[in-house]
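# A closer look at the structure
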Amino acid sequence: MHRSSLLKDSLKSELPERMDDYLEGGKAICLRFNRHGNILAAGTEEGEVMLWDFDTRSIAMHLDGRAGAINSITFPSPMTGERLISGSAGGCVRFWNVVEGTSSVLKLDSAVVRVESSRIRADEVLVTAASGPPKLLIWEETEGDNSPAKISRTIALENDEDEAIDPKKKQDYVTVFSQLGARVLSCRAHGLLREFTLQRGEDGRALAIDKTRKVDLPNRTVVKEIVFAQDGSRFLVNSADRQIRVFDAEDLCVLACFNDVVNRSQWRCAIFSGQGDHILGGSTGAEHKLHIWRLVDGQLDKTLDGPKEGVGGLLWHPRRPVAVSLGVSYGGIYIWMKSQAQNWAAFAPNFKEIDENRDYDEKEDEFDIPDSSIEKKRIEDKLQREALIEVDVTTIERVEGEDEVPVFYLPAIPEPPSAPIVPLGYIQPLVKIPKPSKAHNSTKKKRKTSDGRELGDVKAQLREGS
């Protein structure tokens, strides 16, 4: 019975059905939404962080990373968008103050692969570099632009004795925070998934990281990414054996497994839907194709086809049934939404849609002009009743289920058009074409007769003779 009810709920879920819009502004590499989903941050190959106003689909701010391509971005807690952390291929971790447009920088010895902030502590960030084990950094804000970042504590994730590594060599780590920020999941290329627990002091700051549990993936396959559901109850592991495995976050047991049984495609990225009842996967290759499975029974729900560009990343909106995909070739941002049917009844409550025309019977007094005195009296009585109603405009009542964190908005700055704007009503003045001069006329070729005389002279002689 429980399984059937879950299946009914999943069938009622709103899922994207078509590509609704396309955002273009540099070759994007990574994407991240803020807490409320009104700001979409995109890290580009040119080393910029572009902040999009997602409601107006316009660019609100450019942040110049100055040190190579931006490989990863994250919003520190409470994730409103006022603070941002970026990691670049040049080995720089930048802590941005979006309001002031300034940043402090931490320089590492190798490229930064991923940055992941804690959901409960604004000063904690997991940094995964191309060489060496991942590190948990406790950072503090500094004043001034491009100033050195202040790191109060650095905690490295310890390796097992049989996992001794060379810190100078490249290591393929995938490391993420749990949704509650109490645990860390980390996995190297050999397919051993490890769980760490954060030990915190009285002030709530992390003091140490303890290893707790391990999970061996089948055949020790390479792990590409680890993604948590929004409620934190489960997470998925995208691995190189063409499988997307969903784990229970508490027991670390496999709940479901998804793959492409027809084409046997590799998966470049995978995410959960907003309610966590569907899995979205983007396959490798030249086609922009998204697969959507139901989690309750593992069946493929639908497939969405996009442009001729491979999928480079996927992201789900935190509040709406909207998915965002990233193109791998040109770095375009594609927005997928549900098809909205026109509902005319929303504008007129008494409006009814009909399939065919019908004969309308007009009432006898339906379109009669009412008596002006009676209509005036009715309006006066209505205004008097409304005047007796006291309206409270000062008390703020919070809606049940509404987020207590206020929404942070960035004003969208319109870009000037490339072509000059012609004012309305402006008439282009006519250009006067000069007439050909006499000198121009004299250059015309004169016609002659067979005996060499000019035709004009012959005509003159004939007129005189006549």
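Notes on the structure in this doc start here. (Residues numbered from 1 in each chain as written. Predicted model: local features only at pLDDT ≥ 70, side-chain atom pairs only at ≥ 80, totals over all residues. Heavy atoms only, no water.)

### Thoughts on the overall build of the chain
Counted only if it meets this: Strands here mean DSSP runs of E at least two residues long; helices mean DSSP runs of H or I at least four residues long; both are numbered from the N terminus. Relative accessibility under 20% of the residue-type maximum defines a buried residue, over 50% an exposed one, and the middle range a partly exposed one, all with a 1.4 Å probe and only protein chains included. Any two residues having at least one pair of non-hydrogen atoms within 4.5 Å are treated as being in contact. All accessible-area figures derive from a Shrake-Rupley calculation using a 1.4 Å probe, and residue coverage is judged against the displayed protein chains alone.
What the chain contains, in helices and strands, is four helices and 29 strands. Out of the 466 residues belonging to the chain, those deemed buried represent 41%. Nonlocal contacts in the chain, meaning residues at least 24 apart in sequence, comprise 48% of its contacts between residues at least 6 apart. Carbon and sulfur atoms form 51% of the exposed surface of the chain, whose accessible area is close to 28,500 Å².

### Details of the side chain of Arg32
Test applied: In protein, a polar contact requires one atom able to donate a hydrogen and another able to accept it; more generally it is a pair of N or O atoms within 3.5 Å, and residues adjacent in sequence count only if both atoms are side-chain atoms.
Along the chain, Arg32 turns up in strand E2 (residues 28-33). Looking at Arg32, its side chain comes within polar contact range of the side chain of Thr74, at 3.4 Å. Non-local contacts of Arg32, meaning those with residues more than four positions away in its chain, are made with Ile39, Leu40, Ala41, Ile73, Thr74, Phe75, Arg114, Val115, Glu116 and Leu315.

### Observations concerning the packing of aromatic side chains
One pair of aromatic rings is described through two measures. These are the centre distance and the angle between the planes. Here is the rule we go by: Put simply, two rings from Phe, Tyr or Trp (the six-membered ring, in Trp's case) pair if the centres are within 6.5 Å, and we call them stacked under 30 degrees between planes, edge-to-face over 60, tilted for the rest.
Under the defined criterion, the tally for this structure stands at seven aromatic pairs. Here Phe33 and Phe54 contribute two aromatic rings whose centre-to-centre distance is 5.1 Å and whose plane-to-plane angle is 85 degrees, an arrangement assigned as edge-to-face. Placement of Phe33 in strand E2 and of Phe54 in the loop between strand E4 (48-53) and strand E5 (58-64) is noted, with a sequence separation of 21 residues between them. You'll find Phe33 and Phe54 in the same group, each marked buried. When the centroid spacing of 5.5 Å and the interplanar angle of 35 degrees are considered together, the rings of Phe258 and Trp293 count as tilted. Residue Phe258 is located in strand E22 (residues 254-258), and its partner Trp293 is located in strand E25 (residues 289-294); the two are separated by 35 residues in the primary sequence. Since its relative accessible area comes to 1%, Phe258 is described here as buried.

### Quick word on the sheet that holds strand E11 (residues 124-129)
How we decide: For two strands to be treated as a pair, DSSP must find no fewer than two bridges joining them. Think of each axis as a best-fit line through the C-alpha atoms, taken over the contacting stretch in the case of a helix, with angles from 0 to 180 degrees between the N-to-C directions.
Across the sheet, four strands lie side by side as E10-E11-E12-E14; this open sheet has antiparallel pairing. On the outer flanks of this sheet lie strand E10 (112-117) and strand E14 (150-156), each paired with one strand and no other. Recorded for the sheet is a direction-independent mean angle of 25 degrees between the axes of neighbouring strands. Here strand E12 (residues 135-140) runs beside E14; their pairing, made up of six bridges, is antiparallel. Its bridge partner being in E14, Leu137 is matched across the sheet by Thr154.

### Describing a positive patch on the surface
The line we're drawing: Distance thresholds for patches are 9 Å for like charges and 5 Å for nonpolar side chains (Val, Leu, Ile, Met, Phe, Trp, Tyr), applied to residues having over 30% relative accessible area and no salt bridge. The term salt bridge refers to a side-chain nitrogen of Lys or Arg lying within 4 Å of a carboxyl oxygen of Asp or Glu. Lys and Arg are tallied as positive, Asp and Glu as negative. Neither His nor the chain termini are counted. Lys charges are placed at NZ, Arg charges at CZ, Asp charges at CG and Glu charges at CD.
Taken together, the side chains of Lys224, Arg242, Arg264 and Arg268 make up a positively charged region of the molecular surface. With respect to the secondary-structure elements, Arg264 resides in the loop between E22 and strand E23 (267-272). The exposure class of Arg264 is partly exposed, given its relative accessible area of 43%.

So yeah, pure geometry; function would need other evidence.
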